[in-house]
Amino acid sequence: MRAVTVIPGVPGSLRLLDDYPEPATEEGAILVEALAVGICGTDIEIIEGHYGEAPPGTDHLVLGHEALGRVMEDPTGTLQPGDLVAGIVRHPDPLPCPNCAVGEWDMCRNGMFTEHGIKALPGFARQRWRLQPRFAVGLHPALGEVGVLLEPTSVMAKAWDHIDRIGQRAEWQPRTALVTGAGPIGLLAALLASQRGLAVHVLDLATEGPKPALAGALGATYHSGPVDQLDFEPDIIIECTGAPVVVLEAMCKVAPTGIVCLAGVSTGGRTIELDAGALNRTLVLENNVVFGSVNANRRHWEAAAEALARADQAWLGSLITRRVPLSEYASAYSPGPEDIKVVLDFTA
Ligand SMILES: [Zn+2]
């Protein structure tokens, strides 16, 4: 069968193989036919050779961690043939650490977790794959192709879950949320904020292209200037750019008792001037919290599936700016300036 692969650590090794083996039954009882795979920055980093790890005993890693498929057979009866399904990306470490032991593999403490399409597990960019029931998430049948957004939505469902838990340290009645960065992750963060009834603000450098209208369609206010020029102090900030200046301004701008969730990954190597004393003074005197968030556990995947089912399907569909047939796979990994989410289409 066909599979999109790389040799991790070798730039330019991206290939579409047509003789990749069928998924082994050890991968799981549920056999799934691939419908689509979403592409994100992590895939590009793996293709450039900066990241990624092949499964033990092989050189090749199948890409793809944002999956949408249709169940072909499930002898366990967990799902029915024809059901839409996504595969949970991260599997717990084998030790396991205290968090993995209770299913909170998103909070793995020893780094020995594995991840489909990223770290030591084959990805979903192959025509068929298998899942164990505990890593299979069924999707509402009406979702169709936008179900491919489940993985990035799960990452934001986790961020919001942790914001809620941190908020519980005191009386917590947030009214305003600012999302910095209007890529797919940022827009999905804004969607979840709007579903919570918050006044949502989205900030991004882009003044053209689809981002302002997509934010507007959620009822969010769109900003394209610097964070420190905003005329209000957000109760919650979800930082999705990873840009050092934006990160720093977000930490300084959040309202007293506010929460800043850092969800953007910086590349590092860029230095900016920082008055660490002034920042510390603000955080202490305002009881602010800054925390990092990555990945998602099963609870978050299920919350994300509910959030997508509740969302405007046309809005979700407009996040997918390009659908690339498998035969033209290489172009899917070269996003254009106006792309939000590019999807590799296994049905074309
Ligand atoms: Zn662990």
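Bear in mind the structure is a predicted one, so any value in this text is a computation, not a measurement.

Undergrad: Just checking my understanding: could you explain the domain arrangement of the protein for this structure?
TA: You'll often see interface size given as the accessible area lost when the parts meet. Taken domain by domain, the protein consists of domain 1 (3-138 + 312-345) and domain 2 (154-292). Its C-alpha centre places domain 1 at a distance of 28 Å from the equivalent point of domain 2. Each partner contributes to the interface: domain 1 provides nine residues, whereas domain 2 provides 13 residues. Together domain 1 and domain 2 conceal approximately 980 Å² of surface at their shared face, both sides included; 75% is due to carbon and sulfur atoms.

Undergrad: Help me understand the coordination of the zinc ion, please; the structure alone is not making it clear to me.
TA: Ideal values differ by geometry: the angle at a metal is 109.5 degrees with four tetrahedral donors, but 90 or 180 degrees with six octahedral donors. Coordination of the zinc ion by the protein comes from Asp93 (OD), Cys97 (SG), Cys100 (SG) and Cys108 (SG), over a distance range of 1.9 to 2.3 Å. Spacing between the donor residues of the zinc ion along their common chain follows D-x3-C-x2-C-x7-C. In this pair, Asp93 is assigned in the loop between strand 7 (90-91) and helix 2 (98-101) and Cys108 in the loop between helix 2 and strand 8 (114-116), connecting sequence segments 15 residues apart. Of the two residues, Asp93 and Cys108, both sit in the buried class.

Undergrad: Before we go on, may I ask you to explain the packing of aromatic side chains in this structure?
TA: Aromatic ring pairs are reported here in terms of the distance separating the ring centres and the angle at which the planes meet. Summed over the entire model, instances satisfying the criterion amount to two aromatic pairs. Here Trp105 and Phe135 contribute two aromatic rings whose centre-to-centre distance is 5.4 Å and whose plane-to-plane angle is 55°, an arrangement assigned as tilted. Here Trp105 is found in the loop between helix 2 and strand 8, whereas its partner Phe135 is found in the loop between strand 10 (128-131) and strand 11 (136-139), with 30 residues between them in sequence. As far as burial versus exposure is concerned, Trp105 and Phe135 are alike and both buried. Directly above the ring of Phe113 sits Lys119, whose terminal nitrogen or CZ lies 4.7 Å from the centroid.

Undergrad: What is the right way to look at the UniProt feature "domain: Alcohol dehydrogenase-like N-terminal" (unreviewed entry) in the protein in this model?
TA: This chain's UniProt record puts "domain: Alcohol dehydrogenase-like N-terminal" (unreviewed entry) on residues 27-127. Within the segment residues 27-127, helix and strand shares are 11% and 31% respectively, and the terminal C-alpha atoms sit 15 Å apart.

So, how was this worked out
- Residues numbered from 1 in each chain as written.
- Predicted model: local features only at pLDDT ≥ 70, side-chain atom pairs only at ≥ 80, totals over all residues.
- Heavy atoms only, no water.
- Domains from an automatic or database assignment.
- Contact = heavy atoms within 4.5 Å.
- Buried area = accessible area lost by both parts, 1.4 Å probe.
- Donors = N, O, S within 2.8 Å, 3.2 Å for Na, K, Ca; no water.
- Helix = DSSP H or I, 4+ residues; strand = E, 2+ residues; numbered from the N terminus.
- Buried < 20%, exposed > 50% of the residue type's maximum accessible area, 1.4 Å probe, protein only.
- Phe/Tyr/Trp six-rings, centres within 6.5 Å; stacked < 30°, edge-to-face > 60°.
- Lys NZ or Arg CZ within 6 Å of the ring centre and 35° of its normal.
- UniProt positions renumbered as here; feature names shortened; annotations may be inferred.

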